[in-house]
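# Summary of structural features
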Amino acid sequence: MMNWVRVWLVSAVAYYLAGLFGLQLAIPPGFASAVWPASGVALALAVRFCLTGVILGTFTASFLLNLNVSTSGFTQFSLSQCLLPAEIALGASLQLWLGYILFERLLGRDSLIDTPKSILRFALIIAPASCLIAATFGAFGLYHNDVIPIEVAGFTWLTWWLGDTIGVFLFTPMVLLIFTNRAQVKAYRKWQVIAPSSMIFIITWMLFVWSTNTREQTIEREIDDIADRFTQRIEERLLISSNKLLAYQAYFKGSEYISYDEFSMFSKLLLDSDDVLFAVGWTEITPHYLRRQQESRLRQQGYSTFEFIQRNDDGSFSRAKDKDEYYPVLYIYPYETNKRALGLDLASLPGRLELLRLIQLDGKGRATKPITLVQEKEEERAVILYVPVWQMHNNIKVYQGYVSGVYRISGIMGDVLEQAQKVHMSIKISDITNKDKPHELIQTISDNSTFYESVVREVIFQDRTYELKFQPFSDFNVKSKDWVSWIILICGFFISALLQTFILMITGAVEHTSQIVKQRTQQLTQAMKHAEQANEAKSKFLANMSHEFRTPLNAIIGLINLCLKTNLSITQKQYLTQSKLATETLMSLINQSLDYAKIESGKLELESIEFKLENIVKKIHAIFSTQYKEKSVSFEFKSHTSLPKYLVGDALRLEQVLLNLCSNAFKFTSEGEVIVTIDLRSEDADFYHMYFSVKDTGIGISKEQQENLFQSFRQADNSTTRKFGGTGLGLAISKQLIELMGGSITLNSEPDKGCEFEIQVPLAKSDKQVWCTLDDMLVLESEAQASQENTTGKASNQLQGVTVLLVEDIEINRMIATELLEEQGAKVIPAHDGQHGMDVLQEYASSIDVVLMDIQMPIMDGYEAARKIREKSEFASLPILAMTANAMAEDIEQCMQAGMNGHIAKPIDEENMIHSILQVL
């Protein structure tokens, strides 16, 4: 055994390297990794070597990893920054200690976690229970040290716990297998476990990188959109207010004389609803000889103390000194808040006279530099826009004065500052007309710890240029979690862990059985009993695992299909297409395995319902009509008797068997023909004894190979598997299904002369005694097919103008369904549970055409929501379709009883969904 010092160093390096990879899988906000390989590596090393050394190594590596993050690569080091890394490292060490104790007591240190009992204990107790510690320490430490807000503490804790749990679940068995002391564990068994898990691991990581990059681009676009929206809002406010000043300009130009009362009434109408302009004034160019007349006129209008005043160098005000020309503010609105400026000679303000004369030169309005208003007590920045007023005399402009608009910066912003605060974004505005000497106008509270880049926009106002800098806070978009990346990681690595567990169990069972055969040959009877028990356990486990695989695989299939509809490079499309084929093959294998497991465990129940034989004929003909044209193989249906139109039995299972036989026939036939024969051989009081055969001219099967053909996981020989593919379950399941129906299936074949599978099965009689020929059925199918061909070219935008209320609680399911519906031209209104769906329906009642309703949802499920909708008379005829993974016959019946009009099964088949919607519409 290695001494603890060496173990300390080795485990620290291993934990650190695994942790570096885990940091690449962190999902903001919250900074927790959705998969943490280091936790699984540490537990395996502790079990195999020395607990003390591995705990020390874990603490050391975890502390250094998190110190590196908190100090930005050790560039901002301080003692206070060591507290959080120490808390996280302590949690990781305590988690390792608890995991070791549970592992030793429940499994034993020599366990490879390759038996059902050990797998269950490890998956349900050891991994999830021990990982509670580090998640709690980590989430609390991040919140306590103000790294994350309280809003994301729960998300961080959950991600942390799941990340450590999956890390332990996936990596501990793998590392234990690599470092096992068992001599009988061969290298090939290690590769059987490591290779598939590593493959899924790499694929998941690549998808995660793609997803997070897409997420970052989405957030960047969102920040740009917010900045554009705020900038546009400011520009609109400035434009509207400047247009009002032009109205004043026209008002003065079109009037011989305007009194103060007339000016005030005009201003009241124009400005009382305006929150941009702080004040509007009228400044009239007054020569010295008219000074007394102007002052007297204003006093007569009710301003008894009016006189021309000037601003002194010390900021005080006094009567304006005599000079040749004055620029007094004669009128101002509103008066009460701006009366200090009344009578002020603008020429006494620094730089103002030059600005006014510059306006006279080109006749254009101009704005001042940022100033502090004389009528304001607080030091708020403002700008004044001056618009000239003149009269034309003998084609000469004679300037009368200036209309001035006073803009406080807060008034220009309006509600933008409040809206920016709500979306967690700071704003800084500067006057950069002179880029060498910018003037800061306003700066809201900023977040120095933010990792988002600032966005800069410019606004041109008259002759001034303003820079708007938008800086998102670190908790920007905090309520919008990156669930896609989260689901990709969780599902991908969970599937990898399940696959690894499955392989471990299978290889372990094989190894265990091999040892028993070698050591206890004399106990053959007992060994057979054990084998039967192992087979039963295998079947049950296969059934359970098949169900567990379906849920994440459905999401993966949906995401791949959506990706294939986007703009992709040739290489990306090729990769995704291969991934789609692989997932479809895996789904087919899972479905067949589930059927096989149900049959073996005796849980498969056959239906006994009335069905039309012609429906099965139509489907078989439709499915394989394309294949026989592509392969130049003729495809015929034959019958020597009239056939009953209605039968009673399990139509789905009968169709499954015939489809499997036809599929095999086309697979192994490259030229010649495939003939399907359907006859009625005899009947009695209760049953029709039906005969079905599928005959081909393919490669055929030898007598020796036929002996194993109907056994599970067997094909004719290994070359057949390599050339044509397949699992070897189809014929075994077909044989068992026919036998469960009380019938039989036989094979007649010779090499290179094709095969003929014959089925004889009793099917109960229907009360409807209607007869027809097979030709009639095929004529109906041909007409339907021709009708379908005539409508080719109308596949897109089939839902144009249709508004769909989509009630679905799982975000990724909403995303996939929305994409599919919008591609067909539909408008989608989402709702996240039944109650929310009711509220949305009330709001958009007149525009919604159809409702797609999930069943299992929080707050209010789909059944209750459908019943409540039907209680309202205005929605009595509104189409409601269930769209759910609850696809059993009893589930469909329950949907109908709740008032729904149809059922769409998950995973979603796009064509079926569109057909179902069009049917109810």
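Residues numbered from 1 in each chain as written. Predicted model: local features only at pLDDT ≥ 70, side-chain atom pairs only at ≥ 80, totals over all residues. Heavy atoms only, no water.

Within strand S13 (residues 425–431), six of the seven residues are buried, which leaves the element mostly enclosed by the surrounding structure. Sheet topology note: the S13/strand S16 (residues 464–472) ladder contains seven bridges and is antiparallel. Looking at the pairing, Asp431 lines up with Tyr466 of S16. (Buried < 20%, exposed > 50% of the residue type's maximum accessible area, 1.4 Å probe, protein only. Helix = DSSP H or I, 4+ residues; strand = E, 2+ residues; numbered from the N terminus. Pairing = 2+ DSSP bridges.)

This part is about the packing of aromatic side chains. Applying the stated criterion across every chain, the model contains 25 aromatic pairs. Look at Tyr260 and Tyr331: their rings are 4.8 Å apart centre to centre, the planes differ by 40°, and that puts the pair in the tilted class. Separated by 71 residues along the polypeptide, Tyr260 in helix H9 (residues 260–271) and Tyr331 in strand S8 (residues 329–333) bring together distant segments of the chain. On the basis of relative accessible area, Tyr260 is assigned to the buried category, the value being 1%. Ring pairs connect the aromatic residues Tyr248, Tyr251, Phe252, Tyr260, Phe263, Phe266, Trp282, Tyr303, Tyr331 and Tyr335, which therefore count as one cluster. Of note, Lys253 hangs over the ring of Trp390, and the distance from its end group to the ring centre comes to 4.1 Å. Cation over ring: Lys768 sits above Tyr646, and NZ or CZ is 4.9 Å from the ring centre. (Phe/Tyr/Trp six-rings, centres within 6.5 Å; stacked < 30°, edge-to-face > 60°. Lys NZ or Arg CZ within 6 Å of the ring centre and 35° of its normal.)

For the rest of this paragraph, the subject is the environment of Ala320. When you line up the elements, Ala320 lands in the loop between strand S6 (317–319) and strand S7 (325–326). For Ala320, a relative accessible area of 4% corresponds to the buried category. For the pair formed by Ala320 and Leu344, sequence separation is 24 residues and the distance between their alpha carbons is 8.3 Å. Setting aside anything within four residues of it in sequence, one finds Ala320 in contact with Arg291, Phe308, Ile309, Gln310 and Tyr326. (Contact = heavy atoms within 4.5 Å.)

As a further point, take the sheet that holds strand S27 (residues 827–831). Pairing in this open sheet of five strands is parallel, and the strands run S27-S26-S28-S29-S30 from one edge to the other. Looking at the sheet topology across the chains shown, the edges are occupied by S27 and strand S30 (902–905). Ignoring strand direction, the axes of neighbouring strands in this sheet form an average angle of 25°. In this structure, strand S28 (residues 850–853) lies alongside strand S29 (residues 880–884), joined through three bridges in parallel fashion. For Val851, the partnering residue across the bridge sits in S29 and is Ile880. Taken strand by strand, helix H25 (residues 862–871) contacts S28 and S29, and its axis lies near 155° from that of S28. Where helix H27 (residues 910–920) meets the sheet, it contacts S28, S29 and S30, and its direction lies at approximately 165° from that of S29. (Axes fitted to C-alpha atoms, helices over the stretch in contact; angles between N-to-C directions.)

Three or more residues of H25 are buried, namely Gly862, Tyr863, Ala865, Ala866 and Ile869. The buried side chains of H25 occupy one side of the element, clustering within an arc of 165° when seen end-on. Looking at where H25 begins, the residue whose side-chain oxygen comes 3.2 Å from the main-chain nitrogen of Tyr863 is Asp861. (Arc of directions from axis to C-beta. Polar contact = N/O pair within 3.5 Å; in protein donor to acceptor, adjacent residues only side chain to side chain.)

All right, on to helix H7 (residues 153–178) then. The first and last C-alpha atoms of H7 sit 37 Å apart over 26 residues, in line with the 38 Å expected at 1.5 Å per residue. Of all bends in H7, the biggest is about 30°, found at Phe171, and the proline Pro173 comes one to four residues later. Burial runs high along H7: 21 of the 26 residues are buried. (Expected span 1.5 Å × (residues − 1). Bend = angle between axes of the 7 residues up to and from the residue.)

If you look at the biggest cluster of nonpolar residues, it comprises 78 residues, and the most contacted ones within it are Leu245, Phe252, Phe263 and Tyr407. Counting residues per element, this core draws most heavily on helix H8 (residues 187–253), at ten residues. Dropping the residues within four chain positions of it, Phe252 is found in contact with Ile258, Phe263, Trp282, Tyr331, Val389, Gln391, Gln400 and Val403. Judged by nonpolar contacts, the second largest core, of 47 residues, contains Val617, Phe635, Phe637 and Leu654. (Core = buried A, V, L, I, M, F, W, Y, C linked by side-chain atoms within 4.5 Å.)

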